[in-house]
Amino acid sequence: MRRAIYPGSFDPVTNGHLDIIKRGCKLFDEIIIAILVNPDKKPLFSIEERRAMLHEVLLPIKQQECNVIVEDFQGLLVHYAVQKGADAIVRGIRAVSDYEYELQMALMNRRQEPRIETVFMMPAEAYSYVSSRLVKEVFQLGGNIDGLVPDAVLSRMRNKLV
Ligand code: PNS
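Read on for a plain summary of the structure.

About the cut-offs
Residues numbered from 1 in each chain as written. Predicted model: local features only at pLDDT ≥ 70, side-chain atom pairs only at ≥ 80, totals over all residues. Heavy atoms only, no water. Phe/Tyr/Trp six-rings, centres within 6.5 Å; stacked < 30°, edge-to-face > 60°. Buried < 20%, exposed > 50% of the residue type's maximum accessible area, 1.4 Å probe, protein only. Helix = DSSP H or I, 4+ residues; strand = E, 2+ residues; numbered from the N terminus. Bend = angle between axes of the 7 residues up to and from the residue. Contact = heavy atoms within 4.5 Å. 1 Å grid on protein atoms, 1.4 Å probe; cavity = no way out; pocket = protein on both sides within 12 Å on 5 of 7 lines; lining within 4 Å. Points joined across faces, edges and corners; volume = space filled by probe spheres on them.

**With respect to the packing of aromatic side chains**
At step 1: Following the criterion strictly, the structure yields 3 aromatic pairs and no others.
At step 2: Ring centres of Tyr6 and Phe10 lie 5.4 Å apart, and the angle between their planes is 75°; on these two criteria the pair is classed as edge-to-face.
At step 3: Given the relative accessible area of 5%, Tyr6 is considered buried.
At step 4: Taking the centre distance of 6.1 Å and the plane angle of 75° together, the rings of Tyr99 and Phe120 count as edge-to-face. Residue Tyr99 is located in helix α4 (residues 96-112), and its partner Phe120 is located in strand β5 (residues 117-121); the two are separated by 21 residues in the primary sequence.
At step 5: Residue class for Tyr99 comes out partly exposed when judged on its relative accessible area of 41%.

**A look at helix α2 (residues 47-62)**
One turn of an α-helix holds 3.6 residues; hence residues three or four places apart share an orientation.
At step 1: Bending of α2 peaks at approximately 30° at the position of Glu56, with proline Pro60 no more than four residues after it.
At step 2: At its buried positions, α2 is contacted by α1 (15-27), β2 (30-36), β3 (67-73) and α6 (151-160).

**Points about the layout of surface pockets**
At step 1: For the largest pocket, the calculated volume is near 1,400 Å³.
At step 2: Take the lining of the largest pocket: its biggest share by element is 9 residues, from α4.

Written out as structure tokens, the structure reads:
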């Protein structure tokens with residue numbers, strides 16, 4: 001039984017995240033999508049809203065072989081990963097610019113917990129420029145984000161901003 005943690009802010013979940021989760025499902029028996037509770041950030045969506053959106057958009061993936069769970073966590077990621085009995089942390093790498101920060105985190109996490117491996121995965125090219133931050137910014141300024149987030153997320157974003 002191979003278990004991975006896929007951590008992030010997921011504010012909101014994008015099609016890039018879903019792409020990584022689907023790819024991760026080929027490698028792991030179980031993936032725990034772990035939403036970081038970060039009191040220092042002012043998110044667009046509450047933890048409860050992010051959980052609900054993730055549950056909704058993960059339904060089709062959940063029907064496949066891999067077990068996908070949604071949780072939230074506080075504190076050090078590696079402590080949470082150990083507590084969950086995870087073997088690995090999955091992170092998506094879109095461009096070289098992501099690599100530097102992700103490498104730092106991966107090495108720091110390894111120093112804290114050498115048992116836990118970090119697995120970097122590349123999303124489909126179509127999502128290589130998609131981030132929650134950009135999607136929110138473009139949408140809030142009236143731009144088009146069709147195809148970049150699941151429909152359920154788009155409609156929640158519309159509701160938020162009316
Ligand atoms: O989606 P994000 O915001 O890029 O995710 C960042 C995340 C949640 C992976 C990172 O901030 C994190 O692991 N935070 C938990 C606190 C922690 O463990 N910090 C030390 C990292 S080396």
